[in-house]
Amino acid sequence: MSVPIKIGVSSCLLGEHVRYDGGHKHDRYITDTLGKYFTFVPVCPEVGCGLPIPREAMRLEGDPANPRLMTGRSRVDLTDQMLAFCATRVRELEEEDLCGFIFKKDSPSSGLFRVKVYNNGAAAKSGSGLFAAAVARRFPLLPMDEEGRLNDPFIRENFIERVFSYRRWKDFLATGPTLGRLVEFHTAHKLLMMAHSPEIYRTMGTLVAHGRELPEQELFRSYEEQFMKGLALHATTKKNTNVLHHIMGYFKQQLSHDEKAELLVVIGQYHDHLVPLVVPLTLLRHYVVKYDQQYLKGQVYLSPHPAELMLRNHV
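Residues numbered from 1 in each chain as written. Predicted model: local features only at pLDDT ≥ 70, side-chain atom pairs only at ≥ 80, totals over all residues. Heavy atoms only, no water.

Trainee: Let's hear about helix α8 (residues 198–209): which residues, and what values?
Mentor: For α8, with 12 residues, the first-to-last C-alpha span of 16 Å sits near the 16 Å given by 1.5 Å per residue. On the buried face of α8, the contacting elements are α6 (179–188), α7 (190–196) and α9 (216–232). (Helix = DSSP H or I, 4+ residues; strand = E, 2+ residues; numbered from the N terminus. Expected span 1.5 Å × (residues − 1). Contact = heavy atoms within 4.5 Å.)

Trainee: So what's going on with the side chain of His189? Which residues, and what values?
Mentor: As for its position among the elements, His189 is in the loop between α6 and α7. Separated by 3.0 Å, the side chains of His189 and Arg168 make a polar contact. If sequence neighbours within four positions are ignored, His189 has contacts with Arg168, Phe227, Gln299 and Val300. (Polar contact = N/O pair within 3.5 Å; in protein donor to acceptor, adjacent residues only side chain to side chain.)

Trainee: Run through unusual backbone geometry, naming residues and quoting values.
Mentor: In the segment running from Ile53 into Pro54, the intervening peptide bond is cis, with an omega of -5 degrees. Tracing the chain through its elements places Pro54 in the loop between α2 (45–48) and β3 (58–61). The backbone of Arg75 sits at a positive phi, close to 60 degrees, despite the residue not being glycine. Among the structural elements, Arg75 can be located in the loop between β4 (68–71) and α3 (79–93). Exposure remark for Arg75: the relative accessible area of 40% places this residue in the partly exposed category. The phi dihedral of Asn120 falls on the positive side, at around 55 degrees, and the residue is not glycine. If you trace the backbone, Asn120 turns up in the loop between β6 (115–119) and β7 (122–127). (Buried < 20%, exposed > 50% of the residue type's maximum accessible area, 1.4 Å probe, protein only.)

Written out as structure tokens, the structure reads:
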């Protein structure tokens, strides 16, 4: 990557003592593991909008689509104060070149999914925190999730893969984009997109093929939308298996009978959830080097993120 990969993070997840009780929710995976690859832009909406530490607990109330932010005991409505901060901070974040955002789950300001909204004393997990909702509206293609959901290895892999992919796309835009270079970018991401959505990959291909018929900025904007939309769909075992067989086809003239048999067994074991994706990929990467397969050397799918993150090691 040509520039640092910046992601927004709820400040309490970085160990900052900004919660209503003066505590934090330090997430070691974020700081100790992701911190080796990402630069963090911390945000605490409560402190940012002028509330003290410690402070009275708050909750969302009313219409889940347009909730009010209320203090629990004194019944002070902080909605307008928080929304004013959200509008300002979101504009500032436009200058940060973010490639992702990790929010604090369940927070009335920063929870992204299933935040409790109270109505007539009953709570329904049907809302989003006011700040998280503002970020999602302003940056609809930005990879974003909650720290709690990142404990799921499939969600974690998808989120981090999208962050690295968005950085590659932003680097493409920043270094003199042309239709010819878009063709190169599209080619390099072919197998990665096939693992997420063959249908959207075909749509992207049609877009590139008719690229000369569109103004460049419209072409790049449409491609970015399809690119990030496709990556947001999870790569499945079935789609990955199809991609692995596709890669194997590039070696049909070089592999010996025993090598083919071994590879088919390993791909079958992955398909049957007996080994993680990293196992057949390691063998295929060996053949890419051994037989100097230039096309595959350029495929992002084989190494879409640092191996040290161990994202393809789950079954």
